[in-house]
Amino acid sequence: MKLAYSTGNAIVDEVSEMNFSGNVVPLTWFKTMLGESGKPMLLAIDLLADIVYWYRPKEIRDEGTGDLIGFQKRFKADLLQRSYRQIEQRFGVTKKQARTALDYLCKIGVIRKHLRNELTSDGTPLHNNMYLELVPEKLKELTYPQFDDDVPLREPPSANEDTRVVTCKTDGGALNVTTSTETTTEINNINNNNHINTEPDVMETMRAYEKIIKKNIEYEILVQYNNGIYRKNIDEIVILMVETVSIPRKYIYIGGTRFPYEIVKSQFLKLNYEHILYVITCMKDNTTKVKNIRSYLLTTLYNAPNTIDSYYQAEVNHDLHGGL
């Protein structure tokens, strides 16, 4: 078959003739879905991709005109029904691996698990049927992270809620079911009235905050400390502070804890010469490996006003006792 249009690459042209379908795995999930070891939770990622596929709507088009006339869900009940055995067979894993992957998705809040007792049309009881509810807000957060370095990837915020088994009746069609799980999701959206996506406004805001921050920390004097050997560190700290306070959002994660943006902004704009010098000293004295320097700096900067006195008092005590 001769192609009417060619990309100029034989392999790409061949692939263009193939019709791919099925699961989609966004690359960001390999950064936002990490285990305790800091590595991607591969089975959980594959499982979420499969669940998302079933929650993606199916297009209904007019056979004659080809016009889109509506959408239809892919599963019969109100939620997607799954069992651990299905997951085992689908991905070729053990029940323990299947359970671990699903528990992880529940822990980070992108999936809610519901257990239901049901009756078939002939009255046969079905116990603890598992249904999986996809949480779109959390899915968006995992797929389109706004501020990757601010999100505690190893211990994501949990939205897993307790559920209670309920009884319902089904004849194989749609289920009319109510559960005791109250769907309470928080939409963490950035205010549409801000200027995050308007580059000139962002740059103007950042320049204004940079000027304020440099004045607060006495930048010119600070960079001359110890003959300017810490200038690079100071500049990195200033950039991080400017980025943090310039872009409004609802929350910022500091040391794994969620704080309102306005509180973090207020704390950063209170930092002075001594606080920055203290942060640099902490970095210099730290002997442990820091995996996420941005997160470490955010935490140290935020806590600086509360910990600086205790730190220097401990240094004084250490010197008075001869390092004992």
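Since we're looking at a predicted model, the values are computed, not measured. (Residues numbered from 1 in each chain as written. Predicted model: local features only at pLDDT ≥ 70, side-chain atom pairs only at ≥ 80, totals over all residues. Heavy atoms only, no water.)

### Remarks on the nonpolar core
To keep it simple, the criterion reads: Each nonpolar core is a collection of buried residues, namely Ala, Val, Leu, Ile, Met, Phe, Trp, Tyr and Cys, held together in the definition by side-chain atoms within 4.5 Å. Relative accessible area decides the class of each residue, using a 1.4 Å probe on protein chains only: under 20% of the type maximum gives buried, over 50% gives exposed, and in between gives partly exposed. Where helices and strands are cited, they refer to DSSP runs of H or I of at least four residues and of E of at least two residues respectively, numbered from the N terminus. Pairs of residues are marked as contacts when any of their non-hydrogen atoms sit within 4.5 Å.
Core analysis: the largest hydrophobic core is formed by 35 residues, its most contacted members being Ile-234, Ile-237, Met-241, Phe-268, Ile-276 and Leu-301. For this core, the secondary-structure elements that each account for two or more residues are α7 (199–216), α8 (219–223), α9 (231–246), β7 (251–254), α10 (261–268), α11 (273–285) and α12 (293–320). If we skip the residues at most four places from it in the chain, Ile-276 touches Ile-217, Leu-222, Ile-237, Met-241 and Leu-301. Counting 28 residues, the second largest nonpolar core, distinct from the first, contains Met-33, Ile-108, Leu-134 and Leu-139.

### Description of the confidence of the model for the protein chain
Cut-off, in case you're wondering: A score from 0 to 100, pLDDT tells how confident the predictor is in each residue.
The pLDDT averaged across the protein chain works out to 77; a share of 75% of its residues lies at or above 70. Within the protein chain, strand β6 (residues 166–169) has the poorest average pLDDT of any element, 41, and helix α5 (residues 95–107) the best, 93. A low-confidence stretch, residues 147–200 (pLDDT under 50), is modelled with 114 contacts involving residues beyond four sequence positions or located in other chains.

### Details of the environment of Cys-282
Structurally, the position occupied by Cys-282 is in helix α11. Its relative accessible area of 12% is what places Cys-282 among the buried residues. Considering only alpha carbons, one finds Cys-282 and Ile-308, 26 residues apart in sequence, at a separation of 9.9 Å.

### So, a nonpolar patch on the surface
Heads up, the condition is: Residues enter a patch when their relative accessible area is above 30% and they make no salt bridge; the linking distance is 9 Å between like charges and 5 Å between nonpolar side chains (Val, Leu, Ile, Met, Phe, Trp, Tyr). Areas reported here follow the Shrake-Rupley algorithm with a probe of radius 1.4 Å; residue values treat only the protein chains shown as occluding. Any Lys or Arg side-chain nitrogen found within 4 Å of a carboxyl oxygen on Asp or Glu counts as a salt bridge.
Where nonpolar side chains cluster on the molecular surface, the patch consists of Val-25, Leu-27, Phe-30 and Leu-42 and spans about 370 Å² of accessible area. Relative to the helices and strands, Leu-42 is located in helix α3 (residues 42–55).

### Section: the pattern of salt bridges
Following the criterion strictly, the structure yields 9 salt bridges and no others. We note a salt bridge from Arg-82 to Asp-50, for which the minimum N-O separation is 3.8 Å. You can see Arg-82 sitting in the loop between β3 (80–81) and α4 (84–91) and its partner Asp-50 sitting in helix α3, a full 32 residues away along the chain. For Asp-50, a relative accessible area of 7% puts it in the buried group. The closest approach of N and O atoms between Asp-50 and Arg-90, which form a salt bridge, is 3.8 Å. A residue pair is termed long-range when its members are at least 10 positions apart, and Asp-50 in helix α3 and Arg-90 in helix α4 qualify at 40 residues. Beyond isolated ion pairs, a larger network of salt bridges with shared partners links Asp-50, Arg-82 and Arg-90.

### Looking at unusual backbone geometry
A positive phi is found at Asn-128, a non-glycine position, where the angle reads about 55°. Assessed through its relative accessible area of 47%, Asn-128 is described here as partly exposed. At Glu-218, a position not held by glycine, the phi torsion is positive, near 55°. With respect to the helices and strands, the residue Glu-218 is situated in the loop between α7 and α8.

### Thoughts on the pairing of strand β4 (residues 111–119)
Put simply, the rule reads: The rule for pairing is simple: two strands pair if DSSP sees at least two bridges between them.
Sheet analysis places β4 next to strand β5 (residues 125–134), joined by 8 bridges and oriented antiparallel. Following the sheet pairing, Leu-119 is matched in β5 by Pro-125. Taken together, β4 and the strand that follows it, β5, pair antiparallel across an intervening segment of 5 residues, in which Gly-123 is found at a positive phi of about 90°.

### Digging into the packing of aromatic side chains
Rules: Stacked, tilted and edge-to-face are the three classes applied to pairs of Phe, Tyr and Trp rings, where Trp contributes its six-membered ring and a pair requires centres within 6.5 Å; stacked means planes under 30 degrees apart, edge-to-face means over 60, and tilted covers the rest. Note on criteria: charge over ring means Lys NZ or Arg CZ within 6 Å of the ring centre, with the direction from the centre no more than 35 degrees off the ring normal.
Summed over the entire model, instances satisfying the criterion amount to 4 aromatic pairs. Here the aromatic rings of Tyr-53 and Trp-54 are separated by 5.5 Å at their centres, their planes lie at 85°, and the arrangement is edge-to-face. For Tyr-53, a relative accessible area of 21% translates into the label partly exposed. Residue classification places Trp-54 among the partly exposed positions, given a relative accessible area of 28%. Note that Arg-90 overlies the ring of Phe-91, its terminal NZ or CZ placed 5.0 Å from the centroid. Cation over ring: Arg-99 sits above Tyr-84, and NZ or CZ is 4.3 Å from the ring centre.

### Focus: α5
To keep it simple, the criterion reads: Expected span, for any helix, means 1.5 Å times one less than how many residues it has.
For α5, spanning 13 residues, the distance from its first C-alpha to its last is 18 Å, which sits close to the expected 18 Å at 1.5 Å a residue. Check the buried side of α5 and you find it contacts α2 (29–32), α3, α4, β4 and β5. Downstream of α5 by a residue or two, Gly-109 has a phi angle that is positive, lying close to 90°.

### A closer look at the packing of α9 against α10
The condition that has to hold: Lines fitted to the C-alpha atoms define the axes, with helices restricted to the stretch that makes contact. Angles between their N-to-C directions range from 0 to 180 degrees. Should the near helix be turned anticlockwise from the far one by less than a right angle, the crossing is left-handed, and should it be turned clockwise, the crossing is right-handed. When residue character is reported, Ala, Val, Leu, Ile, Met, Phe, Trp, Tyr, Cys and Pro are called nonpolar, Asp, Glu, Lys and Arg charged, and the others, Gly included, polar.
Running from amino to carboxyl end, α9 crosses α10 at an angle of 145°, the nearest separation of the two axes being 9 Å. The two elements α9 and α10 cross, and the hand of that crossing is left-handed. Residues Met-241, Thr-244, Val-245 and Ser-246 of α9 lie in contact with α10, whose contacting residues are Tyr-261, Val-264, Lys-265 and Phe-268. Grouping the constituent residues of the contact of α9 with α10 by class yields 5 nonpolar, 2 polar and 1 charged.

### Here we look at the packing of α3 against α4
If you want to describe how two helices pack, look at the angle between their axes and the distance between the axes. Where we set the bar: For classification, angles of less than 35 degrees are called roughly parallel, those exceeding 145 degrees roughly antiparallel, those between 65 and 115 degrees roughly perpendicular, and all remaining angles oblique.
With their axes 12 Å apart at the nearest point, α3 and α4 run at an angle of 105° to one another. As the angle between them shows, α3 and α4 are arranged roughly perpendicular. From α3, Leu-43, Asp-46, Leu-47 and Asp-50 reach across to α4, where they touch Ile-87, Arg-90 and Phe-91. The class makeup of the residues in the contact of α3 with α4 is 4 nonpolar, no polar and 3 charged.

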